[in-house]
Amino acid sequence: MENGFWLILIMYKEIIKYRKLETALCLLNKLGFPIRKVRKVLKNNREYSLDEAISYLHSLKKDPGNSAIAGTKKELSKYDLQIVIPVFNSASTIQTCIESVLKQETQFSVLVNVIDDGSTDDSAKIIKKILKNNKIKSKIDFKYTYQKNQGFSGARNKGLKSIEGKYIMFIDSDDMILPDTINNLLSYGIKNKSDIVEGSFDYFNLKRTWNGIHHLTRNNIDNLDLITGMPWGKIYKADLWEKVEFPKNYLFEDTIIKYLIASRAKKISTISDVVYKYRKSKKSISFTSKTDIDSLDTFYVTKQCLEDCEKLNILYNEKLYNLTLEQMVVNDKRLRNFPKRIRLAVFTVSCNLIAKYFADVRTNKDILRDIEKGIRQKNYSYFFVSTIELKL
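Reference entry: report on the structure contained in this document. Note that this is a predicted model, so its numbers are computed, not measured. (Residues numbered from 1 in each chain as written. Predicted model: local features only at pLDDT ≥ 70, side-chain atom pairs only at ≥ 80, totals over all residues. Heavy atoms only, no water.)

Further remarks concern the overall build of the chain. For the chain, the count of helices and strands is 15 helices and ten strands. Considering the chain as a whole, with its 392 residues, one finds that 51% of them fall into the buried category. About 19,300 Å² of surface is accessible on the chain, with carbon and sulfur atoms providing 51% of the total. (Helix = DSSP H or I, 4+ residues; strand = E, 2+ residues; numbered from the N terminus. Buried < 20%, exposed > 50% of the residue type's maximum accessible area, 1.4 Å probe, protein only. Areas by Shrake-Rupley, 256 points an atom, 1.4 Å probe, with all protein chains shown as cover.)

Here it is in structure tokens:
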């Protein structure tokens with residue numbers, strides 16, 4: 001009787017979440033039925049031509065079509081590190097954020113660009129007061145800039161407009177860094193001549209702190225899976241940002257981190273030290289965009305990244321191919337609460353992008369082979385079931 005209750009509950013949740021055929025597939029997976037057997041009976045349920053899919057998606061939300069390619073911005077490197085902190089209505093958190101930077105005891109020279117993206121609360125007042133009262137003698141210099149609201153991309157790009165550091169770092173205004181963050185990241189990066197160094201990070205909220213992603217200390221990583229796609233929690237050699245900016249008017253604009261930045265790095269490292277604390281909030285994109293049509297940007301920005309790779313002479317090789325297969329899974333999961341018709345349209349256009357850019361490339365990762373098969377056969381049901389077991 002009790003098992004029956006839980007079975008009904010699971011079915012109800014899956015019906016609400018995935019609907020029809022997908023309900024049965026997810027239920028079979030939860031009950032332990034081998035997914036490989038499920039795949040064998042799946043039929044191709046493609047419903048769109050490419051033109052129909054593109055037209056339908058544009059009727060829902062037009063592709064912003066904004067490239068991430070920018071003009072050269074490199075200036076004389078006056079600082080070892082340049083930190084960019086975008087701020088928008090962050091009065092409740094900005095003090096903790098800035099003070100976590102001020103508390104750094106470091107031998108390195110640091111410039112912090114605080115970009116106020118048109119805040120309408122007391123953010124500006126709080127920032128100016130903190131900087132005025134700062135009596136800590138250090139090599140940390142601050143620049144405060146106010147601009148009309150341009151969103152996360154516009155604020156970060158303002159901070160990148162003039163690159164004066166040998167390395168670049170991003171901190172979100174509701175997050176914080178740990179006391180030895182700058183020393184730990186820069187010391188390792190300079191010693192090992194790394195283009196990117198990513199540290200470990202934890203999550204926190206008003207009540208508690210818990211483990212995020214904790215790395216092993218590794219030098220010269222060739223696998224993009226071993227770093228996150230978030231802009232924060234790492235340092236980048238400034239050269240990587242000379243011709244790149246965050247694309248405007250997209251959600252998930254940080255998709256460029258792996259596509260356009262990390263893919264061009266000659267040497268990527270990770271360190272085990274926890275360097276960043278990320279604030280978990282119900283106001284974040286992951287919470288607020290589950291049924292917002294703007295979430296289609298997850299597909300549009302992927303498409304734009306693939307176009308921009310050519311402009312930066314990034315090879316459409318196996319590494320980029322694996323990244324794109326994984327990104328297709330991420331995109332589908334972000335859209336999973338949307339009607340299947342929308343997800344099928346995204347899948348149809350995505351399959352075309354794979355064929356366009358990676359016609360002769362195949363994955364060397366066993367975990368991605370079924371994903372690849374579903375895409376190459378343009379079989380959404382097969383692709384969908386393959387994503388159930390894949391955690392990215």
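Still to come is the rest of the account.
Burial within strand β4 (residues 163-170) is extensive, with seven of its eight residues counted as buried. In this structure, β4 lies alongside strand β9 (residues 234-237), joined through three bridges in antiparallel fashion. Within β9, the residue paired with Ile168 across the bridge is Tyr236. (Pairing = 2+ DSSP bridges.)

The next subject is helix α15 (residues 380-388). Counting buried positions along α15 yields eight of nine residues, so the element is predominantly enclosed. Considered for burial, the residues of α15 that qualify are Tyr380, Ser381, Tyr382, Phe383, Phe384, Val385, Ser386 and Thr387. Where α15 begins, the side chain of Asn379 points an oxygen toward the backbone nitrogen of Ser381, at a separation of 3.3 Å. (Polar contact = N/O pair within 3.5 Å; in protein donor to acceptor, adjacent residues only side chain to side chain.)

What follows deals with the packing of helix α12 (residues 318-334) against helix α14 (residues 369-376). Here α12 crosses α14 at 80 degrees, and the two axes come no closer than 10 Å. The angle between the axes of α12 and α14 places the two elements in the roughly perpendicular class. Counting all contacts with α12, which are made through Tyr321, Leu325, Met328 and Val329, the residues of α14 involved are Ile371, Glu372, Ile375 and Arg376. Grouping the amino acids of the contact of α12 with α14 by side-chain chemistry returns six nonpolar, no polar and two charged. (Axes fitted to C-alpha atoms, helices over the stretch in contact; angles between N-to-C directions. Parallel < 35°, antiparallel > 145°, perpendicular 65-115°, else oblique. Contact = heavy atoms within 4.5 Å. Nonpolar A, V, L, I, M, F, W, Y, C, P; charged D, E, K, R; others polar.)

Further remarks concern the nonpolar core. Ranked by size, the top nonpolar core spans 67 residues in total, and within it Leu57, Trp241, Leu260 and Ile375 carry the most contacts. Only α4 (50-60), β4, α9 (256-261), α11 (297-311), α12, α13 (340-357), α14 and α15 provide two or more residues apiece to this core. By residue number, the principal contributor to this core is α13, which donates ten residues. If we skip the residues at most four places from it in the chain, Ile375 touches Leu325, Met328, Phe347, Cys351, Ile354 and Phe383. Judged by nonpolar contacts, the second largest core, of 34 residues, contains Ile85, Ile140, Ile271 and Tyr276. (Core = buried A, V, L, I, M, F, W, Y, C linked by side-chain atoms within 4.5 Å.)

Of all the positions in helix α6 (residues 123-133), only Ser123, Ile126, Ile127 and Ile130 are classed as buried. Buried residues in α6, looked at end-on, bunch into an arc of 100 degrees, giving them a common side. When the buried face of α6 is taken as reference, the exposed residues oriented beyond 90 degrees from it are Lys125, Lys129 and Lys132. (Arc of directions from axis to C-beta.)

Our next topic: the packing of aromatic side chains. For any pair of aromatic rings, the description rests on two quantities: the centre-to-centre distance and the angle between the ring planes. According to the stated counting rule, one finds 20 aromatic pairs in the structure shown. Measuring from ring centre to ring centre gives 6.0 Å for Tyr203 and Tyr278, while their planes differ by 75 degrees; the resulting arrangement is edge-to-face. Pair noted here: Tyr203 is in strand β6 (residues 196-204) and Tyr278 is in strand β10 (residues 268-279), with a separation of 75 residues, a long-range link. The residues Tyr203 and Tyr278 share a single accessibility class, namely buried. Here the guanidinium or amino end of Lys280 rests over the ring plane of Tyr203, the centre of that ring lying 4.8 Å away. (Phe/Tyr/Trp six-rings, centres within 6.5 Å; stacked < 30°, edge-to-face > 60°. Lys NZ or Arg CZ within 6 Å of the ring centre and 35° of its normal.)

Checked against the element boundaries, Tyr300 lands in helix α11. On the basis of relative accessibility, which here comes to 2%, the residue Tyr300 falls in the buried class. Residues Tyr300 and Val346, 46 residues apart in the sequence, show an inter-C-alpha distance of 9.3 Å. Apart from residues lying up to four places away in sequence, Tyr300 is in contact with Leu57, His58, Lys61, Lys62, Asp63, Pro64 and Tyr250. Separated by 3.3 Å, the side chain of Tyr300 and the backbone oxygen of Leu57 make a polar contact.

Right, let's get into the pattern of salt bridges. Once the charged atoms of two side chains with opposite charge are near each other, the side chains can pair. One pass over the full model with this rule turns up 16 salt bridges. With a closest N to O distance of 2.9 Å, Glu245 and Lys248 form a salt bridge. In this structure, Glu307 and Lys303 form a salt bridge, with 3.2 Å as the shortest nitrogen-oxygen distance. Of this pair, Glu307 and Lys303 both sit in helix α11, four residues apart, which is roughly one turn of that helix. Several salt bridges share partner residues, and in doing so they unite Asp63, Lys303 and Glu307 into one network. (Salt bridge = Lys/Arg side-chain N within 4 Å of Asp/Glu carboxyl O.)

Considering the arrangement of structural elements, one finds Thr270 in strand β10. Engagement of the side chain of Thr270 in a polar contact is seen with the backbone oxygen of Leu216, the distance being 2.7 Å. If we ignore the near neighbours within four places in the chain, the residues touching Thr270 are Glu198, His215, Leu216, Thr217, Arg218, Ile221, Leu226 and Ile227.

Moving on, we get to the packing of α13 against α14. Across the interface, α13 lies against α14 with an axial gap of 9 Å and an inter-helix angle of 100 degrees. With respect to α14, the element α13 is oriented roughly perpendicular. Of α14, the residues touching α13 (which contributes Phe347, Cys351, Ile354 and Ala355) are Gly374, Ile375 and Arg376. Residues of the contact of α13 with α14, tallied by class, amount to five nonpolar, one polar and one charged.

Now for unusual backbone geometry. The backbone phi angle of Asn249 is positive, close to 70 degrees, even though this residue is not glycine. Structurally, the position occupied by Asn249 is in the loop between β9 and α9. Phi is positive for Phe252, close to 60 degrees, though the residue is something other than glycine. Residue placement: Phe252 occurs in the loop between β9 and α9.

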